[in-house]
Amino acid sequence: MLSTRPTTRPVQFASDNYSGICPEALDYLLQANQGDAPAYGDDDWTQQAADKFREIFDIDCEVFFVFNGTAANSLTLASLCQSYHSVICHELAHIETDECGAPEFASNGSKLLLAQGEQGKLDPAHIERLITKRTDIHYPKPKVISLTQATEVGTIYTTDELAAIAALARHHGLKVHMDGARFANAVVASGKTPAELTWKAGIDVLCCCGTKNGMGIGEAILFFDKALAEDFAYRCKQAGQLASKMRFISAPWLGLLETGAWLRNAAHANRMAAYLEQQLQGIPGLNMLFPRQVNGVFVQLPQALTDELYRRGWKFYTFIGTDGARLMCAWNTTPEAIDALVADINDVVGRLAKSG
Ligand SMILES: *Cc1c(COP(=O)(O)O)cnc(C)c1O
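All of these numbers come straight from a predicted model, not from anything done at the bench. Residue positions are given per chain, counting from 1 as you read along its sequence in written order. Since the coordinates come from a predicted model, pLDDT governs what is reported: local features require at least 70, and pairs of side-chain atoms require 80 or more to be given and counted, while whole-chain, interface and lining totals use all residues. No hydrogens and no water enter the side-chain calculation; it runs on all heavy atoms of the structure.

Thoughts on the nonpolar core
Working step 1: Among the buried residues, those of types Ala, Val, Leu, Ile, Met, Phe, Trp, Tyr and Cys that are joined through side-chain atoms within 4.5 Å form a nonpolar core. Categorising residues by exposure relies on relative accessible area from a 1.4 Å probe, with only protein chains included: less than 20% of the type maximum marks a residue as buried, more than 50% marks it as exposed, and the intermediate range marks it as partly exposed. The biggest cluster of nonpolar side chains holds 60 residues, and the ones touching the most others in it are F53, F65, F183, L222 and W253.
Working step 2: Here a helix means four or more residues in a row that DSSP labels H or I, a strand means two or more in a row labelled E, and each is numbered from the N terminus. No other element matches the 6 residues that helix α10 (residues 247–259) contributes to this core.
Working step 3: Domain limits in this description derive from either an automatic procedure or a database domain assignment. Counting only domains with at least three residues in this core, you end up with domain 1 (22–260) and domain 2 (262–355).
Working step 4: Two residues form a contact once any of their heavy atoms are found within 4.5 Å. If sequence neighbours within four positions are ignored, W253 has contacts with A49, F53, F65, C208, C209, G210, M215, G218, E219 and A220.
Working step 5: By size, the runner-up hydrophobic cluster in this structure holds 24 residues, among which are A273, L305, W314 and A337.

Here is the structure:
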């Protein structure tokens, strides 16, 4: 007898990775399931998806597919560093706060050096201080600057800000890695091309969103400097990140890219977050923590309000980036879900005011 399937509450603002697989990715996944195909990425789907990335980014880059973002970031950073090197990142960076030490593990010890900066963005002056404060042999030599686009607090770097950080990196002989778990959201929000936001601004490697954009599984890694990708396939294989049936990662990717769904999904999620922000701004006493630029709204909620929303079954995180609430929208977030959340917030705020 089949056990009862768990039903997921359709409304949540916890993360864009709570969402299902979008129709375009699912369609290509099913197409790739017709018949057999060569294993380990030697198939047509993988070739076509990689070529599509090259076309969209307007550059002949090296493309790899792995299962998740932690692996993409960690293996990429490990390939740019020796174990005695260090990686400069923001103190709120996912590689620091949410990867369980995987970048250090994968690199046999390359240390993360934490920099500060407003709105989740690295401040070049802080980066430079970390690079130049020591040159002796007792300090792990800075080798990579890692930045997140869009950031963990839903902001985006402008192309000028990216170029300034990349110039600093070049000046000191460092490489630049971009964690693009929400890269598509940054593309549509900025109005810049994928090329302008990456290699044209001096980014060496991009780990590109799959799961949060509408895939079931899988991230892409783009090495714009092909020399940096030497032997990277071996690193993926050794780390257990070489999918034998790779077409089930690459075909959905092709679906996202070829149909334009990757940008449509991101644009929808950004629009929903803008709507949510606008609704929340109408509620007295709620303060926004960061300017909303992509698909996340960060808002300071009174503890009693958070507790009551959780009690009513709403899902959202309160520990990502700040002590406020993070409300994430995805490719499938509906205005009705937002209206329902806002109605509950209004209701609870009203009751608290009466009882307070
Ligand atoms: C979600 C996310 C990742 C990837 O996380 P996985 O759970 O390993 O796929 C990486 N960076 C950022 C900023 C993220 O939000």
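Picking up where we left off.
A look at the site of the ligand
Working step 1: Think of it this way: one heavy atom of a residue within 4 Å of a molecule or strand is enough to make that residue near it. Every residue close to the ligand is listed here: N68, G69, T70, N73, H94, E99, T148, E152, D179, A181, R182 and K212.
Working step 2: Contact between the ligand and H94: a nitrogen atom at 3.4 Å from a side-chain N or O atom of the residue.
Working step 3: N or O atoms closer than or at 3.5 Å make up a polar contact, with two conditions inside protein: a donor-capable atom paired with an acceptor-capable one, and, for residues adjacent in sequence, both atoms drawn from side chains. A distance of 3.2 Å separates an oxygen atom of the ligand from a polar side-chain atom of R182.
Working step 4: Isolated, the ligand exposes 380 Å² of accessible area, and the fraction of that covered by the protein chains is 82%.
Working step 5: Gly counts as polar in this scheme, as do all residues outside two lists: the nonpolar Ala, Val, Leu, Ile, Met, Phe, Trp, Tyr, Cys and Pro, and the charged Asp, Glu, Lys and Arg. Its residues placed into classes, the shell around the ligand shows 1 nonpolar, 6 polar and 5 charged. What sets the accessible areas is the Shrake-Rupley method with a 1.4 Å probe; for residues, cover comes only from the shown protein chains.

Concerning the pattern of salt bridges
Working step 1: Any Lys or Arg side-chain nitrogen found within 4 Å of a carboxyl oxygen on Asp or Glu counts as a salt bridge. Applying the stated criterion across every chain, the model contains 15 salt bridges.
Working step 2: The partner of E308 in a salt bridge is R311, and the shortest N-O contact between them spans 3.0 Å. Placement of the pair is E308 and R311 together in helix α12 (residues 303–311), with a separation of 3 residues, close to one helical turn.
Working step 3: For R311, a relative accessible area of 63% puts it in the exposed group.
Working step 4: Counted as one network, the salt bridges with shared partners bring together E308, R311, R312, D344, D347 and R351.

Examining the layout of surface pockets
Working step 1: Detection works on a 1 Å grid of protein atoms alone, calling trapped sets that fit a 1.4 Å probe cavities and calling open sets with protein on both sides within 12 Å along at least five of seven lines pockets, with lining residues defined by an atom within 4 Å of a point. Grid points are joined across faces, edges and corners, and a volume is the space filled by probe spheres set on the points. Taken as a whole, the largest pocket holds about 560 Å³ of empty space.
Working step 2: What lines the largest pocket is a set of 28 residues, and nearest its centre among them are N17, H94, D98, R182 and K212.
Working step 3: Here the residues of the lining of the largest pocket are counted per class, giving 8 nonpolar, 12 polar and 8 charged.

Some details on the packing of helix α1 (residues 23–32) against α10
Working step 1: Axes, fitted as lines to C-alpha atoms, cover a helix only where it is in contact. Angles between the N-to-C directions of the axes lie from 0 to 180 degrees. For the pair α1 and α10, the least separation of the axes is 7 Å and the interaxial angle reads 135°. Between α1 and α10, the angle is such that the two are oblique. The chirality of how α1 crosses α10 is right-handed. On α10, the residues touching E24, A25, Y28, L29 and A32 of α1 are R247, F248, A251, P252, L254, G255, L256, E258 and T259.
Working step 2: By residue class, the composition of the contact of α1 with α10 is 9 nonpolar, 2 polar and 3 charged. Throughout, the term roughly parallel applies to angles under 35 degrees, roughly antiparallel to angles over 145, roughly perpendicular to angles from 65 to 115, and oblique to all others. A crossing counts as left-handed when the near helix is turned anticlockwise from the far one by less than a right angle, and as right-handed when that turn is clockwise.

Things to note about the domain arrangement of the protein chain
Working step 1: Here the domain parsing of the protein chain yields domain 1 (22–260) and domain 2 (262–355).
Working step 2: For domain 1 and domain 2, the distance between their C-alpha centroids amounts to 28 Å.
Working step 3: Between domain 1 and domain 2, the residue contacts involve 27 residues of the former and 20 residues of the latter.
Working step 4: Carbon and sulfur atoms supply 60% of the area that domain 1 and domain 2 bury against each other, a total of about 2,100 Å² over both sides.
Working step 5: Here domain 1 and domain 2 share 1 salt bridge between them.
Working step 6: Measuring nitrogen to oxygen at the nearest pair gives 3.1 Å for the salt bridge that ties R264 to E24.
Working step 7: The interface formed by domain 1 and domain 2 contains 11 residue pairs in polar contact (both at pLDDT 80 or more).
Working step 8: At the level of elements, α1, α8 (183–190) and α10 are the ones that each hand at least two residues to the side of domain 1 that touches domain 2. In this description, buried area is defined as the sum, over both parts, of the accessible area (probe of 1.4 Å) that is lost when the two are combined.

Topic: a nonpolar patch on the surface
Working step 1: On the surface, I21, L26 and L30 cluster together into a nonpolar patch covering about 240 Å² of accessible area.
Working step 2: Following the sequence through the fold, I21 ends up in the segment before α1.
Working step 3: Here I21 falls in the partly exposed class, since its relative accessible area comes to 35%. Residues forming no salt bridge and having over 30% relative accessible area are the ones grouped into patches, like charges within 9 Å of each other and nonpolar side chains (Val, Leu, Ile, Met, Phe, Trp, Tyr) within 5 Å.

A closer look at the packing of aromatic side chains
Working step 1: Side-chain rings of Phe, Tyr and Trp, where Trp is taken by its six-membered ring, are said to pair if the distance between their centres is within 6.5 Å; with planes under 30 degrees apart they count as stacked, over 60 as edge-to-face, and otherwise as tilted. Applying the stated criterion across every chain, the model contains 12 aromatic pairs.
Working step 2: Here the aromatic rings of F57 and F224 are separated by 5.9 Å at their centres, their planes lie at 35°, and the arrangement is tilted. Residue F57 is found in helix α2 (residues 44–57), and its partner F224 is found in the loop between β7 (219–223) and α9 (232–238); the two are separated by 167 residues along the sequence. Grouping residues by exposure puts F57 and F224 together as buried.
Working step 3: An aromatic cluster is defined as three or more aromatic residues linked by ring pairs; in this entry it consists of F53, F57, F65, F183, F224 and W253.

A closer look at the sheet that holds strand β9 (residues 296–300)
Working step 1: Two strands form a pair only when DSSP identifies at least two bridges running between them. Spatially, the 3 strands line up as an open sheet ordered β8-β9-β10, and their pairing is antiparallel. Looking along the sheet, the strands with just one partner apiece sit at the ends: β8 (287–288) and β10 (325–328).
Working step 2: Note: β9 against β10, 4 bridges, orientation antiparallel. What sits directly across from V299, in β10, is A325.
Working step 3: Across the sheet, helix α11 (residues 261–281) lies against β8, β9 and β10, angled at about 20° from β9, the strand it touches most.

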